[in-house]
Amino acid sequence: MNKQSIYGLTIEELTEWMLEHGQKKFRAQQVWDWVYQKRITSFHEMKNINKECIELLEANFEISTLNVQIKQVSQDGTVKFLLQLKDGNLIETVLMRQHYGLSVCVTTQVGCNIGCSFCASGLLRKNRDLTSGEIVEQIMHVQRFLDETGERVSHVVVMGIGEPFDNFNNLVRFLKIINHPKAFAIGARHITVSTSGIVPKIYEFADLDLQVNLAISLHAPNNELRSQIMKINRAYPLEKLFPAINYYLEKTNRRITFEYILLDDVNDHVEEAKQLAELLKDIRTLAYVNLIPYNPVNEHIQYKRSSKESILRFYDTLKKNGINCVVRQEHGTDIDAACGQLRSKQLRKAN
């Protein structure tokens, strides 16, 4: 029997499951407390749960489905975990120390089909979606690591390997679980989901009204350039993407972050900065541009990091045109910093 991860159920789903299996409703809250507050690693550790219920859980669910294969610790405190799934696939999860708290970047898919030409995550095609339980368990692994120092995960970014909106239902369940006050109690406004721009799902996400932050991986201010470096733009060009963004803004009145990786002599000229400012001018009160210095990847030698001068010129041009922006602080530059880089390196070694 293929057991399900206990982390994959919302409290409502766990309660319903208990009732369906002849257990009292309050058992769900007790189990939830043992799993998330006491962070047990075996159902047999639950002291106030009767033997029948423990055996029932043991027969149907698993607590641990991920194993840490490699843990890289950077001088700046960033920790990158290479995790092996039960089926042998590898994923990455990253803990970053920010001035505002401890942020975890989670993965939603094994590989990625979006195929952005500069990205290490897409070096290997999508093998499968992660279950909601596998996404939640990434947070649990990091939290157990932080328990040793009495710290807690305060923020989550869904920006790891894969396209989150291509795994929409599991993503939404994950968001509800980690937001629950008796699970990790991570506030919706401390959670950010990034998408390359799957337009139908942006509308759907807006309608859910989760109060979770949205980030758009933009990386180019015009269709010609964006289609060259991001295949998704051929399916959802800017004239389709921006009506969806406008709908999201009208529906939620929440600020959107636009991610923009700066590639040397590709998308980092003053001309592109002016085009980006023009693209965002009508929504600039709710738009925020995150300028990201590129982490070079061996397999993408055609791309290089923009010079500091180019980055500063781009930043200044946006600022002069009234666009809120920041150059993202870098983390883990002394380890495999690019998303998907550690995983692809390990798979090359194995082959």
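Residues numbered from 1 in each chain as written. Predicted model: local features only at pLDDT ≥ 70, side-chain atom pairs only at ≥ 80, totals over all residues. Heavy atoms only, no water.

Undergrad: Explain the pattern of salt bridges here, please?
TA: As a working rule, side chains carrying opposite charge can pair if their charged atoms are close by. This structure, assessed with the given rule, holds 14 salt bridges. Across the pair Lys80 and Glu92 runs a salt bridge whose closest N-O atoms are separated by 2.9 Å. Separated by twelve residues along the polypeptide, Lys80 in strand S4 (residues 79–84) and Glu92 in strand S5 (residues 90–98) bring together distant segments of the chain. Each of the two residues, Lys80 as well as Glu92, counts as buried. (Salt bridge = Lys/Arg side-chain N within 4 Å of Asp/Glu carboxyl O. Helix = DSSP H or I, 4+ residues; strand = E, 2+ residues; numbered from the N terminus. Buried < 20%, exposed > 50% of the residue type's maximum accessible area, 1.4 Å probe, protein only.)

Undergrad: Explain the nonpolar core here, please?
TA: One broad rule of soluble globular proteins: the nonpolar side chains tend to lie buried together. Judged by nonpolar contacts, the single largest core of 107 residues is most densely connected at Tyr36, Leu57, Val156, Phe174, Phe258 and Val289. Phe174 has contacts with Val106, Ser132, Ile135, Val136, Ile139, Val156 and Val158, leaving out every residue within four places of it along the chain. (Core = buried A, V, L, I, M, F, W, Y, C linked by side-chain atoms within 4.5 Å. Contact = heavy atoms within 4.5 Å.)

Undergrad: Can you help me understand the pairing of strand S10 (residues 191–195) in this one?
TA: Counting buried positions along S10 yields five of five residues, so the element is predominantly enclosed. Neither face of S10 is open: one carries Ile191, Val193 and Thr195, the other Thr192 and Ser194, and all of them are buried. Once the chain exits strand S9 (residues 155–158) it traverses helix H5 (residues 168–179) before rejoining the sheet at S10, and the crossover so formed is right-handed. Of the strand pairs in this sheet, S10 and strand S11 (residues 213–217) are connected by four bridges, and their pairing is parallel. Paired with Ser194 across the two strands is Ala215, which belongs to S11. (Right-handed = clockwise from strand over helix to strand, strands pointing away. Pairing = 2+ DSSP bridges.)

Undergrad: Looking at this structure, how should I read unusual backbone geometry?
TA: Leave glycine aside and you will find that most residues have negative phi; peptide bonds, for their part, are mostly trans. The backbone of Arg39 sits at a positive phi, close to 50 degrees, despite the residue not being glycine. Locating Arg39 in the fold gives a position in the loop between helix H2 (26–37) and helix H3 (51–60). By relative accessible area, which is 22% here, Arg39 ends up partly exposed. Residues other than glycine seldom take positive phi values, yet Asp265 does so here, at roughly 60 degrees. Relative to the helices and strands, Asp265 is located in the loop between strand S12 (256–262) and helix H10 (270–280).

Undergrad: Help me understand the sheet that holds S11, please; the structure alone is not making it clear to me.
TA: Pairing between the strands of a sheet comes from backbone hydrogen bonds, and it takes one of two forms, parallel or antiparallel. Strand order in the open sheet formed by ten strands is S3-S4-S5-S6-S9-S10-S11-S12-S13-S14, with mixed pairing between adjacent strands. In this open sheet, the two edge strands, each paired with only one partner strand, are strand S3 (67–73) and strand S14 (324–327). Between one strand axis and the next, the sheet turns through 20 degrees on average, direction left out of account. Where S4 lies against S5, six bridges are found, and the strand directions are antiparallel. Opposite Lys80, over in S5, you have Val94 as the bridge partner. Against the sheet, helix H9 (residues 238–252) contacts S11 and S12, and its axis sits at roughly 140 degrees relative to S12. (Axes fitted to C-alpha atoms, helices over the stretch in contact; angles between N-to-C directions.)

Undergrad: Before we go on, may I ask you to explain the side chain of Glu62 in this structure?
TA: You can see Glu62 is positioned in strand S2 (residues 61–62). For Glu62, a relative accessible area of 15% corresponds to the buried category. Within the structure, Glu62 has its side chain in polar contact with the side chain of Lys86 (distance 2.8 Å). Residue contacts for Glu62: discarding those within four places in its chain leaves Lys3, Gln4, Ser5, Ile6, Phe43 and Lys86. (Polar contact = N/O pair within 3.5 Å; in protein donor to acceptor, adjacent residues only side chain to side chain.)

Undergrad: Mind showing me how you'd approach the layout of surface pockets here?
TA: Take a probe with the size of a water molecule and roll it over the atoms, and the empty space left behind shows itself. Taken as a whole, the second largest pocket holds about 220 Å³ of empty space. Forming the walls of the second largest pocket are 14 residues, and the residues nearest its centre are Lys3, Gln4, Ser5, Thr131 and Glu134. For the lining of the second largest pocket, the elements supplying multiple residues, two or more each, are strand S1 (4–5) and helix H4 (132–147). No other element matches the three residues that H4 contributes to the lining of the second largest pocket. Of the residues belonging to the lining of the second largest pocket, the class tally is no nonpolar, eight polar and six charged. (1 Å grid on protein atoms, 1.4 Å probe; cavity = no way out; pocket = protein on both sides within 12 Å on 5 of 7 lines; lining within 4 Å. Points joined across faces, edges and corners; volume = space filled by probe spheres on them. Nonpolar A, V, L, I, M, F, W, Y, C, P; charged D, E, K, R; others polar.)

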